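Structural features, examined
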Amino acid sequence: DTAGAVTDGARLGPATRLGPVHLAVTDLGQSVSFYERVVGLRAQGDAGQGERTVALGVGDEDVLVLHEEPGARPAGRHSGLYHVALLYPSRLELARAGLRVAASGVPIDGASDHGTHEAIYLPDPDGNGLELAADRPREQWPDMRNPATYSGGPDPLDQRSLFSLVTGETPGTPQAEGITVGHLHLHVSDIVASLGFYRDALGFDLVTQMGTSAAFVSAGGYHHHVAFNTWRGEGAPTVPSGVVGLREWTLVVDGPDELRAARERLQRAGVTVTEGPDASFTADDPFGMTARVRAT
């Protein structure tokens with residue numbers, strides 16, 4: 001049992017959240033149109049990183065940053081992105097997003113009720129996995145540490161109930177601000193190695209684990225900030241270059257003291273830390289995926 005391996009002094013604080021996720025796409029114009037028209041984000045300008053990039057968001061902070069790589073291949077059976085969850089500020093806004101998905105003709109991959117949140121799954125134009133989600137109030141969440149809670153998988157989404165919120169509405173651009181990155185779900189090759197990085201070094205708490213198949217970690221009692229699974233096979237290769245998918249994700253911690261503590265935990269674990277702008281730093285997990293850690 002590895003659930004208690006992290007001591008109280010080596011955990012991320014309760015204000016921890018996720019920041020912008022960077023994705024490689026093959027056609028920037030096509031992808032920007034999709035994320036504006038279907039998801040409800042807005043282009044906020046060139047990301048200013050010396051290449052074809054566009055930042056997308058709905059307020060002061062970027063949610064996604066798209067990097068154009070015209071020759072990038074589709075993802076295969078290797079480590080990498082499973083999906084990024086975009087969290088809407090309310091169930092109503094999730095319903096409105098669902099209307100836009102239906103009107104777009106984009107095929108959905110599924111729709112689920114996880115108890116903690118409701119979700120609609122779909123691919124972007126390059127097959128990057130998306131989860132459009134809305135959290136339930138925390139007081140309604142099931143006991144996530146009870147293995148029985150997730151043993152049977154999620155319930156189907158009650159689409160009739162969800163879409164009753166938008167009866168008579170037509171698809172349109174959302175008016176509400178507040179779409180954020182809720183969580184990240186990754187394909188990895190080894191759950192133990194994943195826990196060594198995300199829990200023991202980075203400092204997340206283990207929420208629940210499904211043997212050697214999947215695990216969910218979070219800070220501050222959230223249902224999960226990062227999940228990882230071996231559904232592409234244990235021992236799957238690390239992320240290759242030249243494919244669409246995850247380039248980098250962002251972990252936002254509460255102030256310089258927490259930033260310093262996270263850096264020190266990673267370094268003690270033997271993880272290479274690369275200093276970046278604005279006091280941020282990056283570190284790669286064992287499967288070739290890059291986390292950028294910065295303070296609020």
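Scroll up to find the structure.
Let me begin by describing the structure that accompanies this report. (Residues numbered from 1 in each chain as written. Predicted model: local features only at pLDDT ≥ 70, side-chain atom pairs only at ≥ 80, totals over all residues. Heavy atoms only, no water.)

This next bit is on the overall build of the chain. A tally of regular secondary structure across the chain gives six helices and 17 strands. For the chain, whose C-alpha radius of gyration is 18 Å, the value lies close to the compact-globule estimate of 19 Å for 296 residues. Projected onto its principal axes, the C-alpha coordinates of the chain cover approximately 55 × 50 × 35 Å. Here the chain holds 296 residues, and the buried ones make up 51% of them. (Helix = DSSP H or I, 4+ residues; strand = E, 2+ residues; numbered from the N terminus. Rg over C-alpha atoms; globule rule 2.2 N^0.38 Å. Buried < 20%, exposed > 50% of the residue type's maximum accessible area, 1.4 Å probe, protein only.)

The next subject is helix H6 (residues 256–268). The end-to-end C-alpha distance of H6 is 18 Å, a good match for the 18 Å that 13 residues give at a rise of 1.5 Å each. Those residues of H6 that fall on the buried side of the exposure criterion are Leu259, Ala262, Arg263, Arg265 and Leu266. End-on, the buried residues of H6 take up no more than an arc of 160°, which puts them together on one face. Turned more than 90 degrees from where H6 packs its buried face, Pro256, Asp257 and Arg268 sit exposed. Looking at the buried residues of H6, the elements they touch are helix H5 (191–201), strand E14 (245–253), strand E15 (274–275), strand E16 (281–284) and strand E17 (290–295). Directly beyond the C-terminal end of H6, a positive phi value near 85° is found at Gly270. (Expected span 1.5 Å × (residues − 1). Arc of directions from axis to C-beta. Contact = heavy atoms within 4.5 Å.)

Turning to the environment of Ser90, a few remarks are in order. Relative to the elements of secondary structure, Ser90 occurs in the loop between strand E5 (80–87) and helix H2 (91–104). Sequence separation of Ser90 and Tyr222 is 132 residues, and the distance between their C-alpha atoms is 17 Å. One polar contact links the side chain of Ser90 to the main-chain amide nitrogen of Glu93, over a distance of 3.1 Å. (Polar contact = N/O pair within 3.5 Å; in protein donor to acceptor, adjacent residues only side chain to side chain.)

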